[in-house]
Amino acid sequence: MKDPSLARYHLSVGLGRAALRIRRWQAERKALSAKGWNSQALTPPLKISPYTKELVARHYLEGRYANQGRKVAWVTSGAPVEILKALDFYVLYPENHAAVCGAARLAEDLAVQAENAGYSRDICSYARTDLGALICGRTPVGSLPRPDLLFACTNICQTVLAWYRVLADHYQTPLIVIDTPFIYQQPGEHALGYVQQQCEAAIPLAEQVAGKKLDETRLRETIKHSRTASQLWMEILESARHHPAPISVFDQFIHMAPIVEMRGDPQTVDFYAAMLREVHERIDKGIGTVKREQKRLLWDNLPLWYRLRNLAEMLGERGVALIASSYTNAWGELAEMIDPHKPLESMARVYLHPILNQGAGHKLTTLQRMVTKYQLDGVLLHSDRSCKPYSIGQMDQRERLSKDFGIPALLLDADHNDPRAFSEEQIATRLGAFMEILGV
Amino acid sequence: MRAFSEPAKQRKEAIQKHKERGGQVAAVLPIHYPRALLRAFNYLPVEVWGPPQIINRPSAAHLQPYICSIAHNALSFLLTGGLEPADLILAPHTCDSLQGLGSIILDFIKPRQAVLTLYLPRGGEPESLEYLAREIQSLYNQLELLTGCSPSMADLAESIHREEAADRALSELYQQRLVLPLDSPAFYRLIRSREYLPAEVFESAARDVLSVAAESAQQGGTPILLSGIVPEPMAVLEAITTAGGYIAGDDLACCGRRLYPPGASPAPFTRMAESLLHAPADPTRGSPIQERFEWLLDMAHRTGARGVVFYEIKFCEPELFDLPVLRKKLMKSGVRSTVIEIDLNDGLTQQNLTRLEAFLEALQ
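Worth saying up front: this structure is predicted, and the values here are computed from it rather than measured.

A. Examining the nonpolar core more closely. Residues Leu 84, Ala 152 and Leu 298 of chain A together with Ala 26 and Leu 90 of chain B are the most contacted members of the largest nonpolar core, which totals 266 residues. Ignoring any residue separated from it by four or fewer positions in sequence, one finds Ala 152 of chain A in contact with Thr 76, Ala 79, Val 160, Leu 161, Tyr 164, Leu 175 and Val 177 of chain A.

So this is what it looks like as structure tokens:
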């Protein structure tokens, strides 16, 4: 290898990968004996968990050294990333990084750093977490690579546009925006054409930064991996139709990392194939996520990254399994739209249609459909202070679910990453009252 | 010269006159939309920026408390019959909150009036231009279905020219701001009458004022720029004057960010799209921070403004994201700034007044 920095990159990543593999084996051995699992209400976590940890850790490990050997793009979670993957970019998802900080209970400290620098507490807590990390240089993943390209897609919110404008100014890095017109009721054909045109226009700039031409075969291959992984993910989610449900929403939140940040990679397909096998095993053995499943609920909106285990325990103790989520569902429900033979057209269609880019009525229909499909007893709607597009409409949705369809539904006020907007007592009281309604 | 001392009364009169002439009224949510298209269908666009200081309890059944007061008030106004005079509601896509508001009005509230939406693109040109032209054309088709009218291309062109003339007059008012015999409250009442007056009436009122422009500056005090969404409560304008300042220019979404240049294309839909997309930098249209900074700095240089008051509505993400970087850049260029956060339903608090006074004193 002639380039010394590239050689350093491969050496560092190679050594790190080996260390992570060893750590995974150790964790798997420990998991097999189920030692250390002390929950009265919940069954032990999926055996695949060390594999997930390895994948995520490896991803951030590669990011740590990426500036030495690869071009780096920072992208939003709903962006048509296949273009960048096919151009060999190392792809970092700031939203995911913020979630990692949230789960590691570091988000508050980092958000305060951003607030001290002038960012309002009223802006998204993912953005504040990441901007805080950028300002103070602290992150639980070691370090983040500097972006050569920023790639933002508005299909999840307009917030990302504002956030990435800040990043573009900070790093003086080109920003590609894929703007996806919001679908109030029906998408216009011109919206599809507009998104496709932007994807086409993005390619030359991405190629310029990557220093190479996009290989169409590689793009098709990447899209195929995205489709297969999304299909497998959907199958995994649908396994929760079984009684007892073999996986919970909390499992889904933990294991969704690869479908978000490693979409388009062949190893993501392998990972979800392995996860599906384990889920089938659980079904065969009659293992549920909650030890005595009595009621089944749906979760709407982003998770509370800093309270996953507590919430799972709180519900599990009452025999309540939280088994379906409109959020995790969003990463699988569009799988059938992905067509590797029509790469740009199908990318435009898929990335135009996420639930977050569609009207409040569409979300209500999705919630109702999921309630029927998964035979659910109620819905928990997380009114997320940091995610306005997901949260606006929930008050009407709750009303319709309860009054028009007889589905008990509860609104919980919190924030996906900022624990300061979470009140333990209030949530416990509201959940307690809701469970009484459910009869558990 | 017309006096715009009672905007609410003027608004009612404008609606009444238009209806008497057989026209209809379109209630329009903020910010950008093709006025000329609505007028070509004989709809008078009347904008709904809140309105401020109303009881917004009805909206609390639909919107969470962390949604901005513009969305809350607009919904409360609708739910309490405030939009009854309107025959149509147009909800342009401005931000996540107004997107959500438009969506729940369409899907859940379902008012008597037809509700139409318009997506304002944030991508690069030429894709955005082509998209917006087609989006406006789609709006034309929906209005055609709604009204049974089909304005010809010539009708559209005439309507566009009328609006462009009004926009030119608006720009001239800004250019001659210093020599106009209007204090800040009077100036902004005139500027904001564009939110409800027919273009030709606004143009005539603007020309009246421009015709009595003096040769030398009529305004005294410390010149500042006002940035944000909307100058409500309007008492803030008087407070600035009282504290020894005057507003030499603005970067307000309802005012200075809508100094639309005329389009260039002979094709009406494209021309309307060009005009909207080429307006001054605006965070809700996804303008880069550097572009906003250059626009503000240039305005400060042109007007001699010594500082910027960012007058922000609570929870307004597009505005809030830019502030730290924007303020830092301005500071480096010698332009100081302050941030005042407000809610449309609060009066101007003593805390904000003090901050304003302290800022103006520091500039003096």
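B. The arrangement of the sheet that holds strand 3 (residues 149–153) of chain A in detail. Residue and element names in this part refer to chain A. With respect to topology, 4 strands assemble into an open sheet ordered 2-1-3-4, the strand pairing being parallel. The strands lining the two open edges of the sheet, one partner per strand, are strand 2 (90–92) and strand 4 (175–178). For this sheet, the mean inter-axis angle between neighbouring strands, taken without regard to orientation, is 25 degrees. In this sheet, strand 4 lies alongside strand 3 in parallel orientation, the contact comprising 4 bridges. Counterpart to Leu 150 in the pairing with strand 4 is Leu 175.

C. Representation of helix 16 (residues 360–373) of chain A in the model. The end-to-end C-alpha distance of helix 16 of chain A is 20 Å, a good match for the 20 Å that 14 residues give at a rise of 1.5 Å each. Among all positions of helix 16 of chain A, only Ala 360, Lys 363, Leu 364, Leu 367, Met 370 and Val 371 of chain A are buried. Projected down its long axis, helix 16 of chain A carries its buried residues within an arc of 130 degrees, all on one side. In helix 16 of chain A, the exposed positions angled more than 90 degrees off the buried face are occupied by Arg 369 and Thr 372 of chain A. Close packing links the buried residues of helix 16 of chain A with strand 5 (295–300), strand 6 (320–325), helix 14 (326–329), strand 7 (378–384) and helix 18 (394–404) of chain A together with helix 4 (96–109) of chain B. Two residues or fewer past helix 16 of chain A, Gln 375 of chain A is found with a positive phi of approximately 50 degrees.

D. Structural view of the interface of chain A and chain B. Counting from both sides, the interface comprises 41 residues of chain A and, opposite them, 44 residues of chain B. Going through the elements one at a time, helix 7 (159–171), helix 8 (189–210), helix 16, helix 17 (388–391) and helix 18 of chain A are the ones with two or more residues in the side of chain A that touches chain B. Looking at the side of chain A that touches chain B element by element, the count peaks at 8 residues for helix 7 of chain A. Here the side of chain A that touches chain B is built from residues that sort into 19 nonpolar, 15 polar and 7 charged.

Definitions and cut-offs
- Residues numbered from 1 in each chain as written.
- Chains lettered and ligands numbered in written order.
- Predicted model: local features only at pLDDT ≥ 70, side-chain atom pairs only at ≥ 80, totals over all residues.
- Core = buried A, V, L, I, M, F, W, Y, C linked by C-beta atoms within 7 Å.
- Buried ≥ 20, exposed ≤ 12 C-beta atoms within 10 Å, placed from the backbone.
- Contact = placed C-beta atoms within 7 Å.
- Pairing = 2+ DSSP bridges.
- Helix = DSSP H or I, 4+ residues; strand = E, 2+ residues; numbered from the N terminus.
- Axes fitted to C-alpha atoms, helices over the stretch in contact; angles between N-to-C directions.
- Expected span 1.5 Å × (residues − 1).
- Arc of directions from axis to C-beta.
- Nonpolar A, V, L, I, M, F, W, Y, C, P; charged D, E, K, R; others polar.

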